[in-house]
Amino acid sequence: MNLQALSPCTFRVSPFISPPKTSRHRSVIRARVEPSEKSVEIMRKFSEQYARKSGTYFCVDKGVTSVVIKGLAEHKDSLGAPLCPCRHYDDKHAEAGQGFWNCPCVPMRERKECHCMLFLTPDNDFAGQDQTISTDEIKASTANL
């Protein structure tokens, strides 16, 4: 802003400078890219193995498990690491590089606390009986997303 002195105590704003215009309606277009079948299969097998190893179970609603596995696979494809898909990040690449939220995340490894509800302890009300999920279950659960 350009101020001009008129007298020792009076200032005038220059008419040549206008405030920046901001739009109330901002459009963001994001392309939804499906993860590769290979990455989905890798994350499916990893999830089953980690559930057995940690003594945890998948959600009684396999749709939850399916969406999380696909989210992990998508991040594996795009970031090179299975970054937790259930959190917001200002910089996903930086977070993936730090590793704290890469699956299994630090809270899961240290306290068996899975924010995504992928790995649930037996006492969790949402825990199912399964530590396995098929590729067909994942496809069926996520077909209309």
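Our structure is the block above this text.
Just so it is clear, the structure is predicted and the values come from calculations on it, not from any experiment.

**Concerning the nonpolar core**
One finds Leu118 and Phe119 to be the most contacted residues of the largest nonpolar core, which totals 25 residues. In terms of residues, this core owes the most to one element, helix α2 (residues 62–79), which gives five residues. Residue contacts for Phe119: discarding those within four places in its chain leaves Phe46, Ser47, Tyr50, Ala51, Thr56, Tyr57, Phe58, Cys103, Met108 and Cys114.

**Regarding the state of the cysteines**
The full count for this structure, using the stated rule, is zero disulfides. No disulfide involves Cys105; its nearest neighbouring cysteine sulfur is the one of Cys114, lying 6.2 Å away. Owing to a relative accessible area of 9%, Cys105 belongs among the buried residues under this scheme.

**So, the environment of Gln49**
Along the chain, Gln49 turns up in helix α1 (residues 37–54). For the pair Gln49 and Thr132, spaced 83 residues apart in sequence, the C-alpha separation works out to 8.6 Å.

**Overview of the side chain of Glu48**
Along the chain, Glu48 falls in helix α1. Aside from chain neighbours lying at most four places away, what touches Glu48 is Phe58, Gln131, Thr132 and Ile133.

**Points about the packing of aromatic side chains**
This structure, assessed with the given rule, holds four aromatic pairs. Relative to Phe119, the ring of Phe46 lies with its centre 6.3 Å away and its plane at 85°, an arrangement referred to as edge-to-face. Of this pair, Phe46 sits in helix α1 while Phe119 sits in the loop between α4 (106–111) and α5 (135–142), and the two are 73 residues apart along the sequence. For Phe119, a relative accessible area of 2% translates into the label buried. Just above the ring of Trp101 sits the side chain of Arg87; from NZ or CZ to the centre is 3.7 Å.

**Re the pattern of salt bridges**
Overall, the coordinates contain eight salt bridges when judged by the stated rule. Residue Lys45 is joined to Glu41 by a salt bridge in which the shortest nitrogen-to-oxygen separation is 3.9 Å. Taken together, the residues span about one helical turn, with Lys45 and Glu41 both in helix α1 at a distance of four residues. The exposure class assigned to Lys45 is partly exposed, which follows from its relative accessible area of 49%. By relative accessible area, Glu41 is classed as partly exposed at 23%. Salt bridges linked by common partners bring Glu41, Arg44, Lys45 and Glu48 together as one network.

Conventions and cut-offs
- Residues numbered from 1 in each chain as written.
- Predicted model: local features only at pLDDT ≥ 70, side-chain atom pairs only at ≥ 80, totals over all residues.
- Heavy atoms only, no water.
- Core = buried A, V, L, I, M, F, W, Y, C linked by side-chain atoms within 4.5 Å.
- Buried < 20%, exposed > 50% of the residue type's maximum accessible area, 1.4 Å probe, protein only.
- Helix = DSSP H or I, 4+ residues; strand = E, 2+ residues; numbered from the N terminus.
- Contact = heavy atoms within 4.5 Å.
- Disulfide = S-S within 2.5 Å.
- Phe/Tyr/Trp six-rings, centres within 6.5 Å; stacked < 30°, edge-to-face > 60°.
- Lys NZ or Arg CZ within 6 Å of the ring centre and 35° of its normal.
- Salt bridge = Lys/Arg side-chain N within 4 Å of Asp/Glu carboxyl O.

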